[in-house]
Amino acid sequence: MRTTIARRSPVRSRHGATAAATGAVVVVLVALGLFLPLVGLLVGVTASTAGLVSFPGLSVTAVTLVGAVVVLALLLVALTRRRAAAAWTAAGCAVLAALGVTVFPVIAVAAGSAERVGDVAPLLIDIWQRITGGS
């Protein structure tokens, strides 16, 4: 006598699979088309400013890793939803999380630059006063 065990597929519907696949494609496009070029540009800018603008590599790496886990979890949620609305909502949230991770390096560099301005401004004022002969 032969018994068979029915296995459930983790994918519950075509809606979930379609939403997850679409979300994954958009996330990859955001990563390759926005995130990587932006980080490359920011690293180049910080390298060319001779230390005036610092690149927060550790925090960008940490946010990127946490963001990747969140995005993957949301895409997995989208994949396993039976209802189309829930699947598309999870996929949309994954795309929004990827965009948030993409914007973070710009905010981090801008915040670091704003802190540096407080350090650089007195130096520039002193140099200007020496050049102009002011007191």
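Look above for the structure.
Trainee: Would you explain helix α2 (residues 57-80) in this entry?
Mentor: Side chains three or four residues apart in an α-helix point the same way, a direct result of the helix having 3.6 residues per turn. For α2, which comprises 24 residues, the first-to-last C-alpha distance of 35 Å matches the rise-based estimate of 34 Å (1.5 Å per residue) to within 8%. Val60, Gly67, Val71, Leu75, Ala78 and Thr80 are the residues of α2 that are buried.

Trainee: I keep staring at the environment of leucine 38 and nothing clicks. Help me out?
Mentor: Among the secondary structure elements, leucine 38 is positioned in helix α1 (residues 14-48). Along the primary structure leucine 38 and threonine 102 are separated by 64 residues, whereas in three dimensions their C-alpha atoms are 7.9 Å apart. Every residue in contact with leucine 38, bar those within four places of it in the chain, is listed here: Thr102 and Val106.

Trainee: Looking at this structure, I do not really get the nonpolar core. What am I missing?
Mentor: One broad rule of soluble globular proteins: the nonpolar side chains tend to lie buried together. Counting seven residues, the largest nonpolar core is built from Val27, Val30, Val71, Leu75, Ala94, Val95 and Ala98. For this core, the secondary structure elements donating two or more residues are α1, α2 and α3 (84-132). Per-element accounting of this core gives the leading share, three residues, to α3. For alanine 98, the contacting residues outside a window of four places in its chain are Val27, Val30 and Val71.

Cut-off values and rules
Residues numbered from 1 in each chain as written. Predicted model: local features only at pLDDT ≥ 70, side-chain atom pairs only at ≥ 80, totals over all residues. Heavy atoms only, no water. Helix = DSSP H or I, 4+ residues; strand = E, 2+ residues; numbered from the N terminus. Expected span 1.5 Å × (residues − 1). Buried < 20%, exposed > 50% of the residue type's maximum accessible area, 1.4 Å probe, protein only. Contact = heavy atoms within 4.5 Å. Core = buried A, V, L, I, M, F, W, Y, C linked by side-chain atoms within 4.5 Å.

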